[in-house]
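Here is what each chain is made of, one letter per residue.
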Amino acid sequence: MTPKEMALCAAKALDEKKGKEISAIEITDLTALADYFVFCTGSSNTQINALCGAVEKNLEEEGGVKVLRREGYRDGTWVLLDYGDIVVHVFSPEAREFYSLERLWKDGKPLDLSSVLTRD
């Protein structure tokens with residue numbers, strides 16, 4: 001599974017669990033941290049954990065990819081799933097606004113998610 005396919009698979013899993021404001025950016029040319037960042041907002045700690053569980057399940061089932069590191073599960077306002085090639089960020093609305101990672105990485109190239117996201 002390519003990094004782009006991983007990012008699309010993660011976005012699809014987030015969408016299926018009703019994640020909000022799902023976006024992804026390619027950062028390959030900007031940093032060695034990862035190739036893609038995927039962002040999502042969850043409405044509660046419970047939903048944030050469910051969203052992360054869905055990403056982990058989809059990536060493992062569809063691509064045989066396991067998460068390398070999880071951060072933030074206890075706090076539940078910002079959970080980070082590190083897959084090496086992609087990093088998934090799931091935020092509470094307040095944390096997403098406060099950290100504003102999309103603004104920090106605005107030089108990244110937006111990934112078109114229209115093929116995997118459903119319209120509300």
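Residues numbered from 1 in each chain as written. Predicted model: local features only at pLDDT ≥ 70, side-chain atom pairs only at ≥ 80, totals over all residues. Heavy atoms only, no water.

As for the packing of aromatic side chains
- Tallying each qualifying case throughout the model produces five aromatic pairs.
- Here the aromatic rings of F37 and F39 are separated by 6.1 Å at their centres, their planes lie at 75°, and the arrangement is edge-to-face.
- Residue class for F37 comes out buried when judged on its relative accessible area of 5%.
- Its relative accessible area of 0% is what places F39 among the buried residues. (Phe/Tyr/Trp six-rings, centres within 6.5 Å; stacked < 30°, edge-to-face > 60°. Buried < 20%, exposed > 50% of the residue type's maximum accessible area, 1.4 Å probe, protein only.)

Observations regarding unusual backbone geometry
- Positive phi outside glycine occurs at E21, with the angle close to 50°.
- Following the sequence through the fold, E21 ends up in strand β1 (residues 20-26). (Helix = DSSP H or I, 4+ residues; strand = E, 2+ residues; numbered from the N terminus.)

Examining the environment of I27
- Summarising the element assignment, I27 is placed in the loop between β1 and β2 (36-41).
- Here the alpha-carbon distance between I27 and K109, two residues 82 residues apart in the chain, equals 6.8 Å.
- Excluding its chain neighbours within four sequence positions, the residues that come into contact with I27 are A34, D35, Y36, F37, W105 and G108. (Contact = heavy atoms within 4.5 Å.)

Quick look at the pairing of β1
- Here five bridges tie β1 to β2, and the two strands are oriented antiparallel to one another. Within the sheet, the bridge partner assigned to A24 lies in β2 and is V38. (Pairing = 2+ DSSP bridges.)

Geometry only, nothing functional implied.
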